[in-house]
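# Chains, contacts and geometry: an overview
This is what each chain is made of:
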Amino acid sequence: MTDWTPEAAVARRRIAIVVNAHSRRGQMLFDAACAGLKARGFDIVASHAVKKPKQLGAIIGKLVSDGHDLIAVGGGDGTLAGAAAKLARKNVVMAILPLGTANSFARTLGIEPELEPALDVIAGGDVAQADVVRIGDGFFINSATIGVPARIAEDIPSGLKRWLGRAGYLGYGCYKFLTMQPFVAKISIAGQPDIIEQVVEIRIGNGAFVGGLRVIDGADPESRDIVVHLVLGRYAAALAGVWAANLAGWRPAGTRVREIRATEFDLSCAPQQPISVDGETGTRTPVHVSIDSAALHVITPCGSNADSRAEC
């Protein structure tokens with residue numbers, strides 16, 4: 001496929017669809033997504049409603065090996081990150097069906113977190129080249145967090161997240177906030193002095209949204225670098241102030257958040273901390289973080305870069 005282009009893959013209107021039916025809205029919206037794609041002129045050449053999330057990677061890998069070059073993936077940020085790991089550096093375009101709880105990566109790209117607008121983007125959008133971030137042995141496309149979001153992802157009751165959505169996520173976050181303890185973060189970037197700070201939270205952004213809220217200003221999957229926000233402080237009140245600013249749509253004071261931009265770094269914490277990687281658990285510090293620039297072809301609502309999205 002030496003003459004392959006992402007634009008041609010989209011123009012052929014031959015699409016495979018894979019939906020995480022275990023996600024909050026996946027099973028309910030799978031049939032509607034298939035019908036909506038057909039109504040928009042797509043030929044669905046393969047379709048999978050996957051009830052066991054651990055099978056998603058193998059199914060997507062098989063679709064790639066079978067030669068499918070336009071694949072719609074439905075689910076939350078964790079599902080999209082797993083798909084991106086399989087699709088990066090391949091002659092494949094990923095289309096996004098935001099069927100999860102927070103849908104942070106879709107929001108970053110300007111895709112409304114509802115089925116019909118997302119289908120309109122697939123039918124009429126352009127193709128961008130998004131960065132993918134490697135963290136430890138895994139990948140993310142939107143964000144990784146340490147602190148309250150990671151503690152939420154680590155043990156939030158599945159029913160609370162599944163049935164109450166963002167309200168359940170935020171409510172459980174308030175509970176976790178009450179037991180939060182500050183920690184020491186160390187970031188090592190080659191050729192630069194180590195950065196060591198007392199923090200209450202760390203946000204590592206390829207995208208701007210965490211938990212459906214815009215909290216990592218400046219992070220964009222087409223920026224070709226990673227944005228790290230260290231939320232400074234020794235007490236929970238420091239974190240409360242930053243999240244209050246985020247909820248209000250304000251940018252927190254520079255004295256509360258230290259921003260770092262890099263393409264590769266090592267991160268360690270004392271004591272060691274769990275990391276929420278696009279909402280999924282299992283990763284812990286210390287980790288090596290690096291960017292794979294422009295690795296993923298993805299359909300976006302308007303334009304093929306961050307500047308044109310800002311004009312929408």
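Computed from a predicted structure; not experimentally measured. (Residues numbered from 1 in each chain as written. Predicted model: local features only at pLDDT ≥ 70, side-chain atom pairs only at ≥ 80, totals over all residues. Heavy atoms only, no water.)

Here we take up the pairing of strand 5 (residues 126-135). Among the ten residues of strand 5, seven are classified as buried, and the element is accordingly described as predominantly covered. Pairing analysis gives nine bridges linking strand 5 to strand 17 (residues 287-300), with the strands arranged antiparallel. Within strand 17, the position partnered with A128 by the bridge is V298. By the bridge criterion, three bridges tie strand 5 to strand 6 (residues 138-140) in an arrangement that is antiparallel. Bridge pairing links I135 to G138 in strand 6. The antiparallel hairpin formed by strand 5 and strand 6 contains two residues in its connecting segment, where G136 sits at a positive phi of about 60 degrees. (Buried < 20%, exposed > 50% of the residue type's maximum accessible area, 1.4 Å probe, protein only. Helix = DSSP H or I, 4+ residues; strand = E, 2+ residues; numbered from the N terminus. Pairing = 2+ DSSP bridges.)

What follows is about unusual backbone geometry. Following A270, the chain continues to P271 via a peptide bond in cis, the omega torsion being -5 degrees. Locating P271 in the fold gives a position in the loop between strand 14 (264-270) and strand 15 (274-277). One non-glycine residue, R13, lies in the positive phi region at around 60 degrees. In this structure, D278 takes a positive phi of about 50 degrees despite not being glycine. Tracing the sequence through the fold places D278 in the loop between strand 15 and strand 16 (280-284).

A few words now on the confidence of the model for the protein chain. Taken as a whole, the protein chain shows an average pLDDT of 87; of its residues, 83% reach a score of 70 or greater. Segment residues 308-312 is flagged for pLDDT under 50; beyond a separation of four residues in sequence, or across chains, it makes ten contacts in the model. (pLDDT = per-residue confidence, 0-100. Contact = heavy atoms within 4.5 Å.)

In this fold, V227 is placed in strand 12 (residues 226-232). The class of V227 is buried, set by a relative accessible area of 0%. Each C-alpha atom of the pair V227 and G207 lies 8.7 Å from the other, and the pair is 20 residues apart in sequence. V227 has contacts with R203, I204, G205, I216, D217, G218, A219, E259, I260 and R261, leaving out every residue within four places of it along the chain.

Counted residue by residue, helix 4 (residues 77-87) has eight buried out of eleven residues, so it is predominantly covered. Listed as buried for helix 4 are D77, G78, T79, L80, A81, A83, A84 and L87. Backbone geometry just downstream of helix 4 places R89 in the positive-phi region, at approximately 65 degrees.

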